[in-house]
Amino acid sequence: MRFVPRFTDGQEFPHALGKVVCIGRNYADHAKELDNPVPSEPLLFIKPATAAVSMEEVIDAPFSRGEVHYEIELALLIGEELSHATADEAERAIVGIGLGLDLTLRDVQTRLKEKGHPWEVAKAFDGACPLTPFLPLSRVPNWNALSFQLEINGEPRQHGEGSDMLFPVPTLVAEMSRHFTLQPGDVVLTGTPSGVGPLPRGASLQMTLTGGLEITTRVVE
Ligand code: ZN
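Residues numbered from 1 in each chain as written. Predicted model: local features only at pLDDT ≥ 70, side-chain atom pairs only at ≥ 80, totals over all residues. Heavy atoms only, no water.

K.L.:
It is not clear to me how the environment of Asn153 should be interpreted in this structure. Could you clarify?
P.N.:
By the secondary structure assignment, Asn153 is in the loop between β10 (147-152) and β11 (155-161). Between the C-alpha atom of Asn153 and that of Ile215, which follows or precedes it by 62 residues, the distance is 13 Å. Every residue in contact with Asn153, bar those within four places of it in the chain, is listed here: Ala203, Ser204 and Gln206. (Helix = DSSP H or I, 4+ residues; strand = E, 2+ residues; numbered from the N terminus. Contact = heavy atoms within 4.5 Å.)

This is the structure:
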């Protein structure tokens, strides 16, 4: 069954999700914590539709394959087809904002990176992208004023500010659309701030996004 994005009022988006387009390093402090250089152009990758799951269900990840890292990210729901879009067009095509976890098999990824191999299997596995419902957007928000956070078992772990993104939302989505046509129902993940770490089994996760989104979920034991 295809994953269909939902709004916070429970309404389903009329298109199923086709893919999730992500950026590897969009916050200087996170690039630094993983010893990665700050990129001059965005490092893009894709999670397939089969990676998307609802954040309202428990998070089940392939723990048998090594550490599964959490990365909380601002998620954008795309409402119109975008190809070689301008920043303006890209911005107007966003119909919802929410939060997503870019779950990453970090041990697997590190091994693949060392060999210079693609790290698809570390990021694109089934369930690798839990998504919250989306707050509907009737107009373009002030991206710089957006902030979000992740608490694990009541402790603050990650805090992101739109104003800290190396590639701001309109520029980022426009750039993505030069490589991959974005279609209605696709989701964009905008990169994670510092504070990533292994997802503890059995943990409770609380996520908040300015504008009134608050979600609690749990990791399987
Ligand atoms: Zn990420």
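There is more to say after this.
K.L.:
Just to check I follow, could you spell out unusual backbone geometry for this structure?
P.N.:
When glycine is set aside, most residues are seen to have a negative phi, and most peptide bonds are trans. Phi is positive for His84, close to 50°, though the residue is something other than glycine. By the secondary structure assignment, His84 is in the loop between β5 (72-78) and α2 (87-92). In this structure, Asn153 takes a positive phi of about 50° despite not being glycine. With a relative accessible area of 52%, Asn153 lands in the exposed category. (Buried < 20%, exposed > 50% of the residue type's maximum accessible area, 1.4 Å probe, protein only.)

K.L.:
Please clarify how empty space enclosed by the protein should be interpreted in this entry.
P.N.:
Sizing a probe to match a water molecule and rolling it over the atoms shows the empty space that remains. Counted under the stated rule, the structure contains one cavity of 30 Å³ or more. In this structure, the largest cavity occupies an estimated 100 Å³ of space. If you trace the largest cavity, you find it lined by Gly24, Arg25, His30, Leu34, Asn36, Leu43, Glu71, Arg106, Gln109, Lys113, Trp119 and Lys123. Looking at side-chain class alone, the lining of the largest cavity contains three nonpolar, four polar and five charged residues. (1 Å grid on protein atoms, 1.4 Å probe; cavity = no way out; pocket = protein on both sides within 12 Å on 5 of 7 lines; lining within 4 Å. Points joined across faces, edges and corners; volume = space filled by probe spheres on them. Nonpolar A, V, L, I, M, F, W, Y, C, P; charged D, E, K, R; others polar.)

K.L.:
Which parts of the structure should I look at to understand the coordination of the zinc ion?
P.N.:
Ideal geometry at a metal centre: 109.5 degrees between donors when four sit tetrahedrally, and 90 or 180 degrees when six sit octahedrally. Coordination of the zinc ion by the protein is provided by Glu71 (OE), Glu73 (OE) and Asp102 (OD), with metal-donor distances spanning 2.0 to 2.1 Å. Between consecutive donors of the zinc ion, the numbers of intervening residues give the motif E-x1-E-x28-D. Glu73 matches Glu71 in its accessibility class, with the two residues each being buried. (Donors = N, O, S within 2.8 Å, 3.2 Å for Na, K, Ca; no water.)

K.L.:
Whenever I open this one, the pattern of salt bridges confuses me. Can you help?
P.N.:
For side chains of opposite charge, pairing can occur when their charged atoms come near one another. Summed over the entire model, instances satisfying the criterion amount to seven salt bridges. Taking the shortest distance from any N to any O, the salt bridge between Glu71 and Arg106 comes out at 2.8 Å. You can see Glu71 sitting in the loop between β4 (68-70) and β5 and its partner Arg106 sitting in helix α3 (residues 106-114), a full 35 residues away along the chain. Like Glu71, the residue Arg106 is buried in the burial classification. Among the salt bridges present, the one from Lys123 reaches Glu71, with a minimum N-O distance of 3.5 Å. Taken as a pair, Lys123 in helix α4 (residues 120-123) and Glu71 in the loop between β4 and β5 lie far apart in primary sequence, 52 residues in all. It is possible to trace a salt-bridge network through shared partners that takes in Lys47, Glu71, Asp102, Arg106 and Lys123. (Salt bridge = Lys/Arg side-chain N within 4 Å of Asp/Glu carboxyl O.)

K.L.:
What is the right way to read the packing of aromatic side chains from this model?
P.N.:
Note on aromatic pairs: each is described by the distance of the centres and the angle between the planes. Considering all chains together, one arrives at two aromatic pairs under this definition. Seen in terms of ring centroids, Phe45 and Trp119 are 5.2 Å apart; in terms of plane orientation they differ by 75°. Their pairing is edge-to-face. Here the residue Phe45 occupies a position in strand β2 (residues 44-48), and Trp119 occupies one in the loop between α3 and α4, the gap between them amounting to 74 residues. The buried category is assigned to Phe45, whose relative accessible area is 10%. (Phe/Tyr/Trp six-rings, centres within 6.5 Å; stacked < 30°, edge-to-face > 60°.)

K.L.:
Honestly, the layout of surface pockets in this entry has me stumped. Any pointers?
P.N.:
Its volume calculated, the largest pocket comes out at about 220 Å³. Phe3, Ala52, Val53, Ser54, Met55, Glu57, Val58, Ile59, Asp60, Gly127 and Pro130 together form the lining of the largest pocket. Grouping the amino acids of the lining of the largest pocket by side-chain chemistry returns seven nonpolar, two polar and two charged.

K.L.:
Is there a simple way to think about helix α5 (residues 169-179) in this case?
P.N.:
In an α-helix, one full turn covers 3.6 residues, which means residues spaced three or four apart are oriented alike. Counting buried residues in α5 gives eight out of eleven residues, a clear majority hidden from the surface. The complete set of buried residues in α5 reads Val169, Pro170, Leu172, Val173, Ala174, Glu175, Met176 and Ser177.

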